[in-house]
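# Notes for the structure review
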Amino acid sequence: VFATPVFPYAYGFGGGRLGLVRRVAARETSTPATTTQLDDSGVGLVLAAIVGGDVFLHPRLSLGAEVGLGYMSTPKLEDGTPSTMLQAKSSQVFTDAQVVLRFWFK
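Quick notes on the rules
- Residues numbered from 1 in each chain as written.
- Predicted model: local features only at pLDDT ≥ 70, side-chain atom pairs only at ≥ 80, totals over all residues.
- Heavy atoms only, no water.
- Helix = DSSP H or I, 4+ residues; strand = E, 2+ residues; numbered from the N terminus.
- Salt bridge = Lys/Arg side-chain N within 4 Å of Asp/Glu carboxyl O.
- Buried < 20%, exposed > 50% of the residue type's maximum accessible area, 1.4 Å probe, protein only.
- Polar contact = N/O pair within 3.5 Å; in protein donor to acceptor, adjacent residues only side chain to side chain.
- Contact = heavy atoms within 4.5 Å.

On to the overall build of the chain, then. Broken down by element type, the chain carries zero helices and five strands. Helices and strands in the chain line up, N terminus first, as β-β-β-β-β.

A few words now on the pattern of salt bridges. Evaluation of the coordinates by the stated rule reveals two salt bridges. A salt bridge links Glu66 to Arg17; its shortest N-O distance comes to 2.7 Å. A residue pair is termed long-range when its members are at least 10 positions apart, and Glu66 in strand 4 (residues 61–74) and Arg17 in strand 2 (residues 10–30) qualify at 49 residues. According to the relative accessible area criterion, Glu66 is buried, its value standing at 9%. The partner of Arg102 in a salt bridge is Asp54, with the nearest N and O atoms 2.7 Å apart. Taken together, the positions of Arg102 in strand 5 (residues 90–103) and Asp54 in strand 3 (residues 35–58) put the pair 48 residues apart, joining distant regions of the chain. Classification of Asp54 as buried rests on a relative accessible area of 1%.

Separated by 3.2 Å, the side chains of Asp54 and Ser62 make a polar contact. Excluding residues within four positions of it along the chain, Asp54 makes contact with Tyr9, Ala10, Tyr11, Phe13, Ser62, Leu63, Gly64 and Arg102.

Another point: the side chain of Ser73. As for its placement among the helices and strands, Ser73 is situated in strand 4. Residue contacts for Ser73: discarding those within four places in its chain leaves Val21, Gly44, Leu45, Lys89, Ser90 and Ser91.

Now the structure itself:
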């Protein structure tokens, strides 16, 4: 992560993010004699690169923005009943943008 002063009341930054995402699938079936619950879960990975900056409107108040480009991979879920549960493995590229108003404590 780096921070670059732009002028006395603003700065820019860039870096990466690493995270985990949990995927869950669940279903319940009932008949007069039995109730069956089927569920499964798995953990996937998120990687992203971000750049952004903040402009200080006051020494303790800033308005910031950031944009990012990332990749997310989620696991294949199975519970022994292929016709009823979510079974797709997912990989996707995504973009993200945020505008943030921050209050800074000394």
